[in-house]
Amino acid sequence: FAPSRNPEMWTDAVFAHLRRLSAPGARLATYTAAGAVRRSLAAAGFEVRRMPGHAGKRERLEASVPGSAPAPGRSSPPRVAIVGAGVAGACAARAFARRGAETLVVEAGGAIGCGASGNPLTLASPRLDAGDGPAARGLVNAWLAALALYRTLPAGCAAPVEAIRRPRNDEDACRQARLLADPPVEAHLLRAADPSNPGAGLAAAAVILRPEQALAA
């Protein structure tokens, strides 16, 4: 999505359209800090600021529409557009709908589950960080939420399994060792694949998902 690789996403016309649809007090954030993007946002009427970057990036951009956000009051349910009608899009739509939002799912393929979610089987396994920052806690919470959600699906949609993740290199083996030394979840969800062999990897609770049946449910 970088401006240098996908310039069609970063045109003056796109920024003008964003500004037209943005209420006073609306905020925008982007990973990029490109000068052309900063100038285009400013030309469209946004107030633009350089902010500290994430994941080793020095700077990123934030922008806002001048003015204050309107005071909250009684209004119609919020409307949310979700791009992609695969497993991730369906889960997002379900979560927003349960919170009272009106959801619109947009799918370029014309049918649900016609992209990567069109595979007969999918393995949903966790990606874990050995740290204890917001990102690491978010990954754990997403994993636990996925396990809880898939348990509610009708029979035949999902099956619990244990996924073995072998270390790819010495650095990955050290990361796994730190996770096992101070696990973020209970032992029945995450354990050493082979307690007698510390370098054998992790065994984590996972789910085999049948996307077609799960999306239909």
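For the structure, see preceding data.
In this report, we go over the structure that sits alongside the text. (Residues numbered from 1 in each chain as written. Predicted model: local features only at pLDDT ≥ 70, side-chain atom pairs only at ≥ 80, totals over all residues. Heavy atoms only, no water.)

**Some remarks on the nonpolar core**
This is how the line gets drawn: Only buried residues count toward a nonpolar core. Its members are Ala, Val, Leu, Ile, Met, Phe, Trp, Tyr and Cys residues joined through side-chain atoms within 4.5 Å. Each residue's exposure class comes from its accessible area (1.4 Å probe, protein chains only) as a fraction of the maximum for that residue type: buried when under 20%, exposed when over 50%, partly exposed otherwise. Only heavy atoms enter the contact rule, under which two residues are in contact if any of them lie within 4.5 Å.
Leu128, Trp143, Leu147, Tyr150, Val185, Leu189 and Leu190 are the most contacted members of the largest nonpolar core, which has 18 residues in total. Here Leu147 is in contact with Leu189, Ala205, Ala206 and Val207, once residues within four sequence places are set aside. In this structure, Leu41, Phe46, Ala63 and Val65 belong to the second largest nonpolar core, which totals eight residues.

**Points about the packing of helix H1 (residues 12-21) against helix H2 (residues 35-44)**
Quick note on the threshold: The axes are straight lines fitted to the C-alpha atoms, using for helices just the contacting stretch, and the angles between their N-to-C directions are given from 0 to 180°. In DSSP terms, a helix is any run of H or I states spanning at least four residues, a strand is any run of E spanning at least two, and both are numbered starting from the N terminus. Each angle receives one of four descriptions, namely roughly parallel if under 35 degrees, roughly antiparallel if over 145, roughly perpendicular if within 65 to 115, and oblique otherwise. Whether a crossing is left-handed or right-handed is set by the direction in which the near helix is turned from the far one by less than a right angle, anticlockwise for left-handed and clockwise for right-handed. Residue type decides the class: Asp, Glu, Lys and Arg count as charged, Ala, Val, Leu, Ile, Met, Phe, Trp, Tyr, Cys and Pro as nonpolar, and the leftover types, Gly among them, as polar.
Taken N-terminus to C-terminus, the directions of H1 and H2 make an angle of 45 degrees; their axes are 9 Å apart at the nearest point. Comparing their axes, H2 and H1 come out oblique. You can see that H1 and H2 cross each other, and the crossing is right-handed. Of the residues in H2, those in contact with Asp12, Phe15, Ala16 and Arg19 of H1 are Val37, Ser40, Leu41 and Ala44. Tallied by class, the residues present in the contact of H1 with H2 amount to five nonpolar, one polar and two charged.

**Describing the packing of aromatic side chains**
The condition that has to hold: Stacked, edge-to-face and tilted are the three classes for Phe, Tyr and Trp ring pairs, Trp counted by its six-membered ring, which pair at centre distances within 6.5 Å; planes under 30 degrees apart are stacked, over 60 edge-to-face, the rest tilted. Each ring is checked for a lysine NZ or an arginine CZ that lies within 6 Å of its centre and within 35 degrees of its normal; such an atom marks a charge sitting over the ring.
By the definition in use, this model includes one aromatic pair. If you follow Lys57 out to its NZ or CZ, it ends over the ring of Tyr31, 5.3 Å from the centre.

**Some words on a nonpolar patch on the surface**
So the rule is basically this: Residues enter a patch when their relative accessible area is above 30% and they make no salt bridge; the linking distance is 9 Å between like charges and 5 Å between nonpolar side chains (Val, Leu, Ile, Met, Phe, Trp, Tyr). Here the Shrake-Rupley method, with its probe set to 1.4 Å, supplies the accessible areas, and only the displayed protein chains count as covering residues. Whenever a carboxyl oxygen of Asp or Glu lies within 4 Å of a side-chain nitrogen of Lys or Arg, that contact is scored as a salt bridge.
Taken together, the side chains of Val83, Leu104 and Val106 define a hydrophobic patch exposed on the protein surface, amounting to about 320 Å² of accessible area. By the secondary structure assignment, Val83 is in strand E4 (residues 79-83). Looking at Val83, the relative accessible area reads 78%, which means it is exposed.

**Section: the pairing of strand E5 (residues 102-106)**
Working note: regular strand, side chains alternate between the two faces of the sheet. Rules: Each pair of strands is called paired provided DSSP finds at least two bridges between the two strands.
Across five bridges, E4 lies against E5 in parallel orientation. Note that in E5 the partner of Val83 across the bridge is Val106.

**Observations concerning the pattern of salt bridges**
Throughout the structure, instances matching the rule amount to eight salt bridges. In this structure, Glu62 engages Arg60 in a salt bridge whose closest nitrogen and oxygen atoms are separated by 2.9 Å. Between Glu162 and Arg191 there is a salt bridge, and its shortest N-O distance comes to 2.7 Å. Of the two residues, Glu162 sits in strand E7 (residues 158-165) while Arg191 sits in strand E8 (residues 190-192), which places them 29 residues apart along the sequence. Residues joined in a network through salt bridges with shared partners are Arg27, Arg49, Arg60 and Glu62.

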